[in-house]
Amino acid sequence: MSKYIIIGGVAGGASAAARLRRLDETAEIILVERGEYISFANCGLPYYIGGAIKERERLFVQTPASFAKRFHVDVRVETEVLAIDPAAKKITVQAKNRGRYEESYDALLLAPGAKPLKPAIPGIDHPRILSLRNIPDADQLRQRAEGTRAIVIGGGFIGLEMAENLRRRGLEVMLVEAAEHVLAPFDADMAAIVEKELQAKGVSLFLGDGVTSFTGTEASVSVTLTSGKTLSADFVVLAIGVRPDTDFIKNSGLALGPRGHILVDEHLQTNMAAVYAVGDAVEVIDFVSGEKTAIPLAGPANRQGRVAADNMAGQKSLYRGVQGTSILRVFDLTAAATGSNERSLKRQQMDYKVVQRHPLSHAGYYPGAQMLTLKLLFAGDGRILGAQAVGRDGVDKRIDVIAAVLRLGGTIYDLTELELAYAPPFSSAKDPVNMAGYVAENVLSGRAEFIAYEHLLAAVKAGALLLDVSTAGEYEAGHIPGAINIPVDELRQRLSELAVDRPLVVYCKVGIRGYLAERILKQQGFSVKNLMGGYTSVLQQQ
Ligand code: FAD
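Everything numeric in this text was worked out from a predicted model, so none of it was measured.

Visitor: What's the story with the overall build of the protein in this structure? I'm lost.
Guide: Per the secondary structure count, the protein includes 15 helices and 31 strands. Scaling as 2.2 N^0.38, a compact globule of 542 residues should have a C-alpha radius of gyration of about 24 Å, and the protein matches this with 26 Å. Reported as C-alpha extents along the three principal axes, the dimensions of the protein are approximately 90 × 55 × 40 Å. Burial statistics for the protein: of 542 residues in total, 53% are counted as buried. The long-range share in the protein, meaning contacts at least 24 apart out of those at least 6 apart in sequence, stands at 61%. Mean positive and mean negative side-chain charge positions of the protein (60 and 61 charges, respectively) differ by 1 Å.

So, in structure tokens, the structure goes:
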């Protein structure tokens, strides 16, 4: 009979324990968890604080007792692992009810997760500065959320979810982010759309501004920023990222990465025999770049738990890497992404191409269609490298479809061939994903040449003429300064108004008429680029 010990009883650990039991009914399985709870919905915590999840009990996917009963697992909560000894195959624990003792194992799984970063900023230990990782944190924050003003530090997923949920509770919310934009997995042009939504919903943004110190009284806390500004509130939510909770294995001989993550192979085994590791605490392969990475997400942690359990039970199973597919609701918007973004591709010095579009979530003639912004990144051979989308409807399924194609090693040509479910309330006969594929295909064939908004000024300075090909009414309602207007439907008749030797940048509302104009003009010998995403992209960036 095999004896398995699993350290950490939430996403990766609980998944692994359940899988191990399904694979081996006779094994002894011990699940060791520092906290009072196992298998709780950490992803649901911000919504409990905000009030969308009303009953606290709903956060407990399993209780220690229900898990122990269903999976016949020895669940030991309020038991902290102090050290592991892979050579002797034993761990040392400190249990609330049993004191300190040792436990031996045949195979060990480390699923300790990651803890909130808490840098050595003066005043950071003030009791009104809180982070969110577990149920006690959520209880504390929910109590604090009875107040009127909050400062959220960090514009990542948890920071934004907290900003939204506190705002929904009626608090005044200030969001501080040291980088120029929120949401690091997204490029600046996509993050800018999210920032507009935050501001529209009353969240005050302090971007490109780091924290230099905290001060406080019994009833409030103040934050001083690099810019010299000082903000005050009832409490602060510190959400500037996480670091692996791996201090207890530091002297065990386990190989760790530069930021303390446990190094594992494709079977999720560490450098030590019979020791496996999963979840937020491990460094894995980036599925797109092949580089080492660590992305703290629930899906990968659960999947890794299953793969590690297979391997522990003697069934060879591979973990092929993480692609960082993620999604976030920001008030009325949804933002989702998969794979690499432009920033990471630039860092890797990858040659990539971009298509950004603003399709409708479903057929325009059917009521309720909403514009979304979809960005696709791909290589010169058509391989999909990443995608991002922001919008009010239909964002999730577009990113999930592209994530699936990416995972299968697909190309933009595959996107054009996908047969996706369609009826007017749901989509268009040519779904935005198909359309992104078509446009990308046009880019690779050279039929379509785009210019991104960030390069527009340089092109105009170099002598390009800006040509707005939308209707006269649209042009009057708003256009890029310096642009002339020839509606696309009049273009063939008015070609003589344009000098064939002057480069042109054409644009319309979203880019479709711009492309038609580009095709007409190119076949007449003009040098033309179409402004990516049209005037809509310009407005999104301002
Ligand atoms: P955890 O789930 O963190 O579990 C680790 C457990 O190990 C902890 O309970 C800890 O107490 C225990 N432990 C650590 N050290 C020891 C020790 N020495 N002895 C005993 N026990 C120990 N991801 C998404 O994909 N989507 C989301 O919407 C999302 N929302 C999130 C919202 C919040 C507020 C948080 C905190 C996270 C969110 N995540 C989300 C991330 C996701 O929850 C994590 O990626 C996932 O839980 C990681 O799983 P894990 O098993 O590695 O670690």
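Anyway, onward from the coordinates.
Visitor: Just checking my understanding: could you explain the pairing of strand β14 (residues 221-225) for this structure?
Guide: For a regular strand, side-chain orientation follows a simple rule: the groups alternate between the two sheet faces. With respect to burial, β14 is a largely interior element, 4 of its 5 residues being buried. Pairing of strand β13 (residues 211-216) with β14 involves 5 bridges; the strand directions are antiparallel. Paired with F214 across the bridge in β14 is V223. Hairpin connection, β13 to β14: the antiparallel pair is bridged by 4 residues. Inspection of the sheet shows β14 paired to strand β15 (residues 230-233) by 4 bridges, in the antiparallel sense. Considered in β15, the bridge of T224 is made with T230. Two successive antiparallel strands, β14 and β15, enclose a turn made up of 4 residues, where G228 displays a positive phi of approximately 100°.

Visitor: Is there a simple way to explain the site of the ligand in this structure?
Guide: Taken together, 28 residues form the shell around the ligand, and within it G12, E33, V81, D280 and A298 come nearest. Between an oxygen atom of the ligand and a side-chain N or O atom of E33, the distance comes to 2.7 Å. Within the contact set of the ligand, a nitrogen atom lies 2.9 Å away from a backbone nitrogen or oxygen of V81. Out of a free accessible area of 990 Å², the ligand has 89% covered by protein chains. Structurally, the shell around the ligand is a two-domain feature, drawing no fewer than three residues from each of domain 1 (3-113 + 243-312) and domain 2 (129-238).

Visitor: Any chance you could explain helix α7 (residues 298-312) here in plain terms?
Guide: In a regular helix each residue adds 1.5 Å, so 15 residues correspond to 21 Å; α7 covers 21 Å between its end C-alpha atoms and thus fits that length. Here α7 has its buried residues at P300, A301, Q304, G305, V307, A308, A309, D310, N311 and M312. Against the buried residues of α7 lie β1 (3-7), α1 (11-23), β7 (107-110), β19 (275-277) and β20 (282-285). Trailing α7 by a residue or two, G314 shows a phi angle of about 90°, which is positive.

Visitor: Even after reading the chapter, I still don't get empty space enclosed by the protein, so can you show me in this structure?
Guide: With a probe scaled to a water molecule rolled over the atoms, the places where space remains empty come into view. A full pass over the atoms with the stated rule returns 1 cavity of 30 Å³ or more. Around the largest cavity sit G279, D280, V282, V284, A294, I295, P296, L297, P300, A301, Q304 and V322, which together line it. When contributions to the lining of the largest cavity are tallied by element, the ones reaching two or more residues are β20 and α7. Residue contributions to the lining of the largest cavity peak at 3 residues, all from α7.

Visitor: What's the story with the layout of surface pockets in this structure? I'm lost.
Guide: Empty space within the second largest pocket amounts to approximately 590 Å³. Lining the second largest pocket we find 22 residues, and of these E342, V354, A452, E454 and M532 sit closest to its centre. Ranked by residues supplied to the lining of the second largest pocket, first place goes to strand β24 (residues 352-357) with 4 residues. Broken down by class, the residue content of the lining of the second largest pocket amounts to 9 nonpolar, 4 polar and 9 charged.

Visitor: Just to check I follow, could you spell out the packing of aromatic side chains for this structure?
Guide: To describe a pair of aromatic rings, you give the distance between the ring centres and the angle between the ring planes. Going through the model one piece at a time under the given rule, you end up with 3 aromatic pairs. Relative to F60, the ring of Y37 has its centre 4.7 Å away and its plane inclined at 25°; by these criteria the two rings are stacked. Taken together, the positions of Y37 in the loop between β2 (28-32) and α2 (45-50) and F60 in the loop between α2 and α3 (64-71) put the pair 23 residues apart, joining distant regions of the chain. Relative accessible area serves as the criterion here: at 17%, Y37 is assigned to the buried category. The residue whose ring lies beneath R98 is Y101, and the NZ or CZ to ring-centre distance is 3.8 Å. R407 extends its terminal NZ or CZ atom over the ring of F287, reaching a point 4.0 Å from the ring centre.

Visitor: Whenever I open this one, the nonpolar core confuses me. Can you help?
Guide: Generally speaking, a soluble globular protein has its nonpolar side chains buried in company with each other. I7, F67, I84, I91, L108, L110 and I262 are the most contacted members of the largest nonpolar core, which has 50 residues in total. Discounting chain neighbours no more than four positions away, the residues touching I91 are I5, I7, V32, V81, A83, I84, Y101, E102, E103, Y105 and L108. Counting 42 residues, the second largest nonpolar core, distinct from the first, contains L45, Y48, V173 and L328.

Criteria and cut-off values
- Residues numbered from 1 in each chain as written.
- Predicted model: local features only at pLDDT ≥ 70, side-chain atom pairs only at ≥ 80, totals over all residues.
- Heavy atoms only, no water.
- Helix = DSSP H or I, 4+ residues; strand = E, 2+ residues; numbered from the N terminus.
- Rg over C-alpha atoms; globule rule 2.2 N^0.38 Å.
- Buried < 20%, exposed > 50% of the residue type's maximum accessible area, 1.4 Å probe, protein only.
- Contact = heavy atoms within 4.5 Å.
- Lys, Arg positive; Asp, Glu negative; His and termini not counted.
- Charge placed at Lys NZ, Arg CZ, Asp CG, Glu CD.
- Pairing = 2+ DSSP bridges.
- Near = heavy atom within 4 Å.
- Polar contact = N/O pair within 3.5 Å; in protein donor to acceptor, adjacent residues only side chain to side chain.
- Areas by Shrake-Rupley, 256 points an atom, 1.4 Å probe, with all protein chains shown as cover.
- Domains from an automatic or database assignment.
- Expected span 1.5 Å × (residues − 1).
- 1 Å grid on protein atoms, 1.4 Å probe; cavity = no way out; pocket = protein on both sides within 12 Å on 5 of 7 lines; lining within 4 Å.
- Points joined across faces, edges and corners; volume = space filled by probe spheres on them.
- Nonpolar A, V, L, I, M, F, W, Y, C, P; charged D, E, K, R; others polar.
- Phe/Tyr/Trp six-rings, centres within 6.5 Å; stacked < 30°, edge-to-face > 60°.
- Lys NZ or Arg CZ within 6 Å of the ring centre and 35° of its normal.
- Core = buried A, V, L, I, M, F, W, Y, C linked by side-chain atoms within 4.5 Å.

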